[in-house]
Amino acid sequence: MGTMHKIETIYKKRAEELHSWSKVLKEIGMDNCHAIVSNCLESANLVTLIQEDKRLVSIIEELSQKFFLFLITRSTRNQSTKKLAKIGIRPEIFNFLSFGDDQHAVSENFTKN
């Protein structure tokens, strides 16, 4: 097993333990870990893998007529709106939105049990 493969294996194992790629980067001393992960995701252009989903759009539109809908994500606003657009979902359908790059984004404590 080559050195790069060993590093990748250790990195993936630690990411599973922490449930976060950015926490692994922070652990090894990378200060701007969220920006690094965000830039990697932006460069990977994962949006191209997403397909329109008219059934999902219909379900969300129906739910929005009866319920308060919110979207909380650690993805950036730019990444998130691109993903939603690819699926066919208008961000305006949500009553509350919180993105990873928002100044007042929901705290990590919000997601902890």
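Here the structure is a predicted model, which means the values were calculated and not measured.

Asker: Any chance you could break down helix H1 (residues 3–18) for me, citing the residues and the numbers?
Answerer: Over its 16 residues, H1 extends 22 Å from the first C-alpha to the last, a length consistent with the 22 Å expected when each residue adds 1.5 Å. Positive phi shows up at His19, right after H1, with a value of about 60°.

Asker: Describe in detail the environment of Arg90, supporting the description with residues and values.
Answerer: In this structure, Arg90 sits in the loop between helix H5 (77–87) and strand S2 (96–98). The exposure class assigned to Arg90 is partly exposed, which follows from its relative accessible area of 43%. Here the alpha-carbon distance between Arg90 and Ile60, two residues 30 residues apart in the chain, equals 10.0 Å.

Asker: Could you give an account of the environment of Lys12, with specific residues and numbers?
Answerer: Among the structural elements, Lys12 can be located in helix H1. We classify Lys12 as partly exposed; its relative accessible area is 39%. Along the primary structure Lys12 and Val24 are separated by twelve residues, whereas in three dimensions their C-alpha atoms are 9.0 Å apart.

What counts and how
- Residues numbered from 1 in each chain as written.
- Predicted model: local features only at pLDDT ≥ 70, side-chain atom pairs only at ≥ 80, totals over all residues.
- Heavy atoms only, no water.
- Helix = DSSP H or I, 4+ residues; strand = E, 2+ residues; numbered from the N terminus.
- Expected span 1.5 Å × (residues − 1).
- Buried < 20%, exposed > 50% of the residue type's maximum accessible area, 1.4 Å probe, protein only.

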